[in-house]
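Geometric and topological summary
Take a look at the letters that make up each chain.
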Amino acid sequence: MTETVTVRVPAKVNVQLAVGGARPDGFHDLANVFLAVGLYDEVTVTAADELRVTCAGPDAAQVPLDRTNLAARAAVELARRYGIDPAVHLHIDKDIPVAGGMAGGSADGAGALLACDALWGTNASRDELLGICAELGSDVPFSLVGGAALGTGRGEQLRALEVGGTFHWVFAMAERGLSTPAVFREFDRMNHGLRVPEPVASQDLLDALAKGDAGALARTVSNDLQPAALSLFPALADTLAAGRAAGALAALVSGSGPTTAFLAPDAGSAKTIAGALLASGTCRSARVTQSPAPGATVL
Ligand code: ATP
């Protein structure tokens, strides 16, 4: 029997995040174009006496190690469905910034699910795994599938999208995190009394992705949460300006922030932009990477 399974899971950037008005249940309808990027967490699951979570990496201290951890919740839910005792050690090697708007927690949930499925030999169908992911959170199904996808509903109903080339990105990590619910509350406050349009995916943006055309993608990226993130974290405007001045084709807040994303024309420019961002003193770190990246993968 397999005793240890490691799964690698990517972070994401939202190249479009269109947000509708608050629904009666408090959620928002979204049109969410996800692109998986090459920053990864690794989740390793090993049989143990009882459920235990550990985490390593620069942001590890901010990761909850109890049963609220999305990796633990994924293991518990799969075990419940198959009548298994979820006695495993889940170790997370964390490279995705925590509370950064890059779906790091969601990545760990999807990774733990796939890893436990392999360790226990449950062989859950893809649809069942996706169903569990959707229960865990709106961004979790995308972490499982990777690539590029359009998410509708709360973001969890996914349609895979074609990507015709490689996009080069720089991500600037901020000094502190931003809570996703707080950013949605600020969105609601700023839009109070206004008519918020139905969220719809931009066809021009989908075409730019399909062609692999970075210039066209830069002209069409959008994030309706950006004004709310900037309102809660005004210094992010300086990071965005520093990246634009260094040659980024587009600069935007990633998801609910505070990580900022910079689309570069090529790999060389991405390095230059990362250097300029660090030198500007407006971020904690800057990482160069590419997209699309594959979804959760057993190593
Ligand atoms: P998203 O982009 O999906 O809105 P995020 O990247 O902004 O998410 P996460 O890193 O997923 O934020 O973490 C949000 C919060 O979730 C953390 O502050 C933490 O309390 C909790 N959390 C639960 N499980 C995890 C996990 N495995 N890794 C990181 N945070 C987790």
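Values in this document were obtained by computation on a predicted structure and should not be read as measured data.

1. A look at the site of the ligand
Every one of the 22 residues lining the ligand counts as a neighbour, but Ala 99, Gly 101, Gly 105, Asp 139 and Thr 180 are closest to it. Residue Met 102 places a main-chain N or O atom 3.1 Å away from an oxygen atom belonging to the ligand. Here an oxygen atom of the ligand sits 2.7 Å away from a polar atom, N or O, in the side chain of Asp 139. For the ligand, whose unbound accessible area comes to 610 Å², protein coverage reaches 79%. More than half of the atoms belonging to the ligand lie within 2 Å of the grid points that define the largest pocket. With four residues, the single largest contributor to the shell around the ligand is helix α2 (residues 104-120). Of the residues belonging to the shell around the ligand, the class tally is nine nonpolar, nine polar and four charged.

2. Quick look at helix α3 (residues 126-136)
Inspection of α3 places Leu 129, Ile 132, Cys 133 and Leu 136 among the buried residues, and these make up the whole buried set. End-on view of α3: buried residues confined to an arc of 105°, all on one side of the axis. Facing away from the buried side of α3 by more than 90 degrees, the exposed set consists of Asp 127 and Glu 135. Residues of α3 that are buried in the fold lie against α1 (70-82), α2 and α4 (140-145).

3. A word on the domain arrangement of the chain
Domain boundaries assigned for the chain yield domain 1 (4-161) and domain 2 (167-291). Using only C-alpha atoms to locate each centre, domain 1 and domain 2 end up separated by 22 Å. Every contact between the two is made by 31 residues of domain 1 and, on the other side, 37 residues of domain 2. Between domain 1 and domain 2 lies a buried interface of about 2600 Å² when both sides are counted; carbon and sulfur atoms form 63% of it. Counting the surface domain 1 buries against domain 2, the share from its top three residues, Val 15, Leu 17 and Val 19, is 21%. Our count for the domain 1 to domain 2 interface comes out at two salt bridges.

4. Comments concerning the sheet that holds strand β10 (residues 260-264)
As summarised here, the arrangement of the four strands in space is β9-β10-β7-β11, forming an open sheet in which the pairing is antiparallel. Each end of this open sheet is capped by a strand with a single partner; those strands are β9 (250-253) and β11 (285-291). In this sheet, adjacent strand axes meet at a mean angle of 25° when their direction is disregarded. Relative to β11, strand β7 (residues 167-173) runs antiparallel, the two being bridged by seven bridges. Across the sheet, the residue bridging to Phe 167 is Ser 291, located in β11.

5. Description of the nonpolar core
One finds Val 15, Leu 90, Trp 169 and Leu 217 to be the most contacted residues of the largest nonpolar core, which totals 67 residues. At nine residues, the largest contribution of residues to this core is made by α2. Among the domains, domain 1 (4-161) and domain 2 (167-291) are the pair contributing at least three residues each to this core. Apart from the residues within four sequence positions on either side, Leu 90 is in contact with Val 43, Thr 44, Val 45, Leu 51, Arg 52, Val 53, Thr 54, Ala 71, Ala 72, Ala 75, Ala 112 and Cys 116. Within the second largest apolar cluster, 28 residues are counted, among which are Leu 225, Ala 242, Leu 277 and Ala 286.

6. Things to note about the packing of helix α9 (residues 236-245) against helix α10 (residues 267-280)
α10 packs onto α9 with a crossing angle of 140° between their chain directions and a minimal axis gap of 9 Å. Regarding the angle of α9 to α10, the classification is oblique. Crossing geometry of α9 relative to α10 is assigned as right-handed. For the pair α9 and α10, contact is made by Thr 239, Ala 242 and Gly 243 and by Ile 273, Leu 277 and Ser 280, respectively.

7. Overview of unusual backbone geometry
Here the amide bond leading from Gly 257 into Pro 258 is cis, since omega sits at 5°, within 30 degrees of zero. Relative to the helices and strands, Pro 258 resides in the loop between β9 and β10. Residue Ala 99 is not a glycine yet carries a positive backbone phi of 50°. Along the chain, Ala 99 turns up in the loop between β4 (88-93) and α2.

8. A look at the packing of α1 against α3
One can describe the packing of α1 onto α3 by two numbers: an axis separation of 10 Å at closest approach and a directional angle of 130°. Considering the angle they form, α1 stands oblique to α3. Read as a crossing pair, α1 and α3 show a hand that is right-handed. Every residue of α3 that contacts α1 at Leu 70, Arg 73, Ala 74, Glu 77, Leu 78, Arg 81 and Tyr 82 is listed here: Glu 128, Ile 132, Glu 135 and Leu 136. Considering only residue class, the contact of α1 with α3 consists of six nonpolar, no polar and five charged.

9. A word on the pairing of strand β3 (residues 52-56)
Going residue by residue along β3, you find Val 53 and Cys 55 tucked away on one face and Arg 52, Thr 54 and Ala 56 left uncovered on the opposite face. Both β3 and β4 contribute to a ladder of five bridges, which runs parallel. Of the residues in β4, the one forming a bridge with Cys 55 is Ile 92. Handedness of the crossover is the feature at issue here: the chain leaves β3, passes through α1, returns alongside β4, and the resulting connection is left-handed.

Calculation criteria
Residues numbered from 1 in each chain as written. Predicted model: local features only at pLDDT ≥ 70, side-chain atom pairs only at ≥ 80, totals over all residues. Heavy atoms only, no water. Near = heavy atom within 4 Å. Polar contact = N/O pair within 3.5 Å; in protein donor to acceptor, adjacent residues only side chain to side chain. Areas by Shrake-Rupley, 256 points an atom, 1.4 Å probe, with all protein chains shown as cover. 1 Å grid on protein atoms, 1.4 Å probe; cavity = no way out; pocket = protein on both sides within 12 Å on 5 of 7 lines; lining within 4 Å. Sits in = over half its atoms within 2 Å of the grid points. Helix = DSSP H or I, 4+ residues; strand = E, 2+ residues; numbered from the N terminus. Nonpolar A, V, L, I, M, F, W, Y, C, P; charged D, E, K, R; others polar. Buried < 20%, exposed > 50% of the residue type's maximum accessible area, 1.4 Å probe, protein only. Arc of directions from axis to C-beta. Contact = heavy atoms within 4.5 Å. Domains from an automatic or database assignment. Buried area = accessible area lost by both parts, 1.4 Å probe. Salt bridge = Lys/Arg side-chain N within 4 Å of Asp/Glu carboxyl O. Pairing = 2+ DSSP bridges. Axes fitted to C-alpha atoms, helices over the stretch in contact; angles between N-to-C directions. Core = buried A, V, L, I, M, F, W, Y, C linked by side-chain atoms within 4.5 Å. Parallel < 35°, antiparallel > 145°, perpendicular 65-115°, else oblique. Left-handed = near helix turned anticlockwise from the far one by under 90°. Right-handed = clockwise from strand over helix to strand, strands pointing away.

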